[in-house]
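Architecture at a glance
In case you want the letters, here they are:
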Amino acid sequence: MQLPKTEYDAIVVGSGPNGLAAAITLQQAGLSVLVVEAKDTIGGGLRSAELTLPHFVHDVCSAIHPLAAGSPFFKTLPLQQHGLKFIHPTIAAAHPFDDGGAAALHQPMEQTAQALGEDEQSYLKLIKPVVNDWPQIAADVLGPLHIPKHPLAMARFGLKALTPATYLSKRFRSKEAKGLWGGMAAHSLQPLSNAATSAIGLVLMATGHVEGWPIPKGGSNAIAHALASYFIALGGVIETNFYVRSLSQLPAAHAILFDVTPRQLLQIAGHKLSSLYKWQLERYRYGMGVFKIDWALDEPIPFTALECRQAGTVHLGNTLEEIVASERSIAEGKHPEKPFVLLAQQSLFDPSRAPQGKHTAWAYCHVPNGSQADMTDRIEKQVERFAPGFRKKILGRHVMNTAQIEAYNPNYIGGDINGGSIDLGQLFTRPALRLSPYRTSAKGMYICSSSTPPGGGVHGMCGYHAAIRALKDVFKTK
Ligand SMILES: Cc1cc2nc3c(=O)[nH]c(=O)nc-3n(C[C@H](O)[C@H](O)[C@H](O)COP(=O)(O)OP(=O)(O)OC[C@H]3O[C@@H](n4cnc5c(N)ncnc54)[C@H](O)[C@@H]3O)c2cc1C
């Protein structure tokens, strides 16, 4: 297959949320933009498919969307008019314990705090300032390192965010508050004693209170479809089924934005890059991988704790100590017997995901990068532990190890879903130490994937910021 020979102002390689956000930003500026996607459908981490049985719709990658709902860029787009509808589960996230009880992240902050009993005030002291400041700091937190618009509010956030999650956990006394916090911070895919692991915990809890943790009606692909539909309505062009392996395959353009990670950028355009920039990209590190399962179920998961039956997301890790041990052992290259499992149950709130009366569930656990281990049994044991009888409800399952995840999406190197490690060594230098993280060393070439700030998750802010950079540099607008 060949791409059209037409000349474009800009080309975006890859149609994940960041690629589409970049393409929209450029097209909105009046440019002609082509998006080129390797796979036969658009969306990157935003696809949904019948992975198990007919009429059971599963989110292949991302499922829960506090970051999309709270994205400062997506909020400016008419995505509802292009078919996107967010559904809010009764409870955003629940966290069960061996004694049959559970902690929960409710959208109302006070309800969450109250349910934590003796830790009510500690919870409010930690989260309330972030929630209150969120409207001022969201754009800075979800952007590149720069002088913030609200330095005091940002400093308040930064001081907490940069500490290890295990350190902040000392503010709590109950196993419920500690466990809930540990489950949130474990989204950082790092040992929780690492610096800055509190950042993601704070962001997920604050956005949970401000935006909720919604799911898109019909599947995560509804976000990609809405973005693409708006882009096309603006005059944009998308070509799928075209794996870009070399710059020579692309039509002429003044700017090229790559929704790929450093390793792929080196393969596609390495010969155009300076030796210093190449040296930095070659040293870029990828983080933990994930092992993913989707289930078709005869009935909802029979969780013991009521909160879990009403939650869109359930964190299965029991106590903070267990979660800390699980994440530490993965960082040491091991596969824990009781992995921390992130589980979503979309069909409870969106009947369009499964035939009447039937259900879907989605789960993954962290594993060492590149692991080929089959974690099915260990993940299912963790679900069964908090929902006895779960296995009897399984009608079908689909699993992906890290190699299968990478084959599905070339950006998930070794199963890393964040586009590279976000530990302290890389936090401020993703993907390379530069004045603008989006600019490569080659004129007119930019990187716009989750390997750039603010990093992983469906928010489109990497793509938006990269496109703004290209508009300033190449097209002298903005
Ligand atoms: C199992 C799993 C669960 C997740 N859960 C969540 C969640 O619940 N919430 C959340 O916010 N995030 C979640 N994420 C993370 C989220 O999906 C990613 O952070 C996000 O999709 C990154 O967006 P992106 O645009 O940078 O890249 P991607 O979404 O990875 O898109 C990159 C696109 O570029 C294409 N591409 C790559 N190389 C080429 C090439 N050479 N030529 C042409 N096209 C190319 C790929 O095919 C792909 O379509 C999850 C990810 C996974 C895998």
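Refer to the structure printed above.
Rules of the game
- Residues numbered from 1 in each chain as written.
- Predicted model: local features only at pLDDT ≥ 70, side-chain atom pairs only at ≥ 80, totals over all residues.
- Heavy atoms only, no water.
- Disulfide = S-S within 2.5 Å.
- Buried < 20%, exposed > 50% of the residue type's maximum accessible area, 1.4 Å probe, protein only.
- Pairing = 2+ DSSP bridges.
- Helix = DSSP H or I, 4+ residues; strand = E, 2+ residues; numbered from the N terminus.
- Axes fitted to C-alpha atoms, helices over the stretch in contact; angles between N-to-C directions.
- Near = heavy atom within 4 Å.
- Polar contact = N/O pair within 3.5 Å; in protein donor to acceptor, adjacent residues only side chain to side chain.
- Areas by Shrake-Rupley, 256 points an atom, 1.4 Å probe, with all protein chains shown as cover.
- 1 Å grid on protein atoms, 1.4 Å probe; cavity = no way out; pocket = protein on both sides within 12 Å on 5 of 7 lines; lining within 4 Å.
- Points joined across faces, edges and corners; volume = space filled by probe spheres on them.
- Nonpolar A, V, L, I, M, F, W, Y, C, P; charged D, E, K, R; others polar.
- Phe/Tyr/Trp six-rings, centres within 6.5 Å; stacked < 30°, edge-to-face > 60°.
- Lys NZ or Arg CZ within 6 Å of the ring centre and 35° of its normal.

1. Considerations on the state of the cysteines
Tallied over the entire structure, the rule returns zero disulfides. Cys 308 forms no disulfide, and the closest cysteine sulfur to it belongs to Cys 365, at a distance of 18 Å. Given a relative accessible area of 0%, Cys 308 falls into the buried group.

2. Here we look at the sheet that holds strand S12 (residues 311-316)
Strand order in the open sheet formed by seven strands is S7-S6-S12-S13-S14-S11-S15, with mixed pairing between adjacent strands. In the strand order of this sheet, the two ends are held by strand S7 (102-105) and strand S15 (394-400), each with one partner. Ignoring which end each strand starts from, the neighbouring axes of this sheet average 20° apart. With four bridges joining them, S12 and strand S13 (residues 341-344) adopt antiparallel strand pairing.

3. Focus on the site of the ligand
Taken together, 38 residues form the shell around the ligand, and within it Glu 37, Gly 45, Asn 409, Gly 457 and Val 458 come nearest. Between the ligand and the protein, one listed contact pairs an oxygen atom with a backbone N or O atom of Gly 44 at 3.2 Å. Interatomic distance of 3.2 Å between a side-chain N/O atom of Tyr 412 and an oxygen atom of the ligand. Protein contact buries 97% of the 1,000 Å² of open area that the ligand shows by itself.

4. Notes on the layout of surface pockets
Considered as a void within the structure, the second largest pocket measures approximately 220 Å³ in volume. Around the second largest pocket sit Ala 68, Ala 69, Phe 74, Lys 75, Leu 77, Leu 79, Gln 80, Leu 84, Lys 85, Phe 86 and Ile 223, which together line it. Of the residues in the lining of the second largest pocket, the class split is eight nonpolar, one polar and two charged.

5. A word on the packing of aromatic side chains
By the definition in use, this model includes five aromatic pairs. Aromatic pair Trp 295 and Phe 390: ring centres 5.0 Å apart, planes at 85°, arrangement edge-to-face. With a gap of 95 residues between them, Trp 295 in strand S11 (residues 289-297) and Phe 390 in the loop between helix H14 (376-386) and S15 connect regions that are remote in the sequence. Phe 390 shares its class with Trp 295; the two are buried. With centroids separated by 5.3 Å and ring planes inclined at 80°, the aromatic side chains of Trp 362 and Tyr 364 adopt a geometry described as edge-to-face. Here a set of aromatic residues connected by ring pairs shows up, and it is made of Phe 73, Phe 74 and Tyr 464. In this structure, Lys 175 packs its charged tip against the face of Phe 97, placed 5.1 Å from the ring centre. The ring of Tyr 243 is capped by Arg 245, whose NZ or CZ atom sits 4.0 Å from the centre of that ring.

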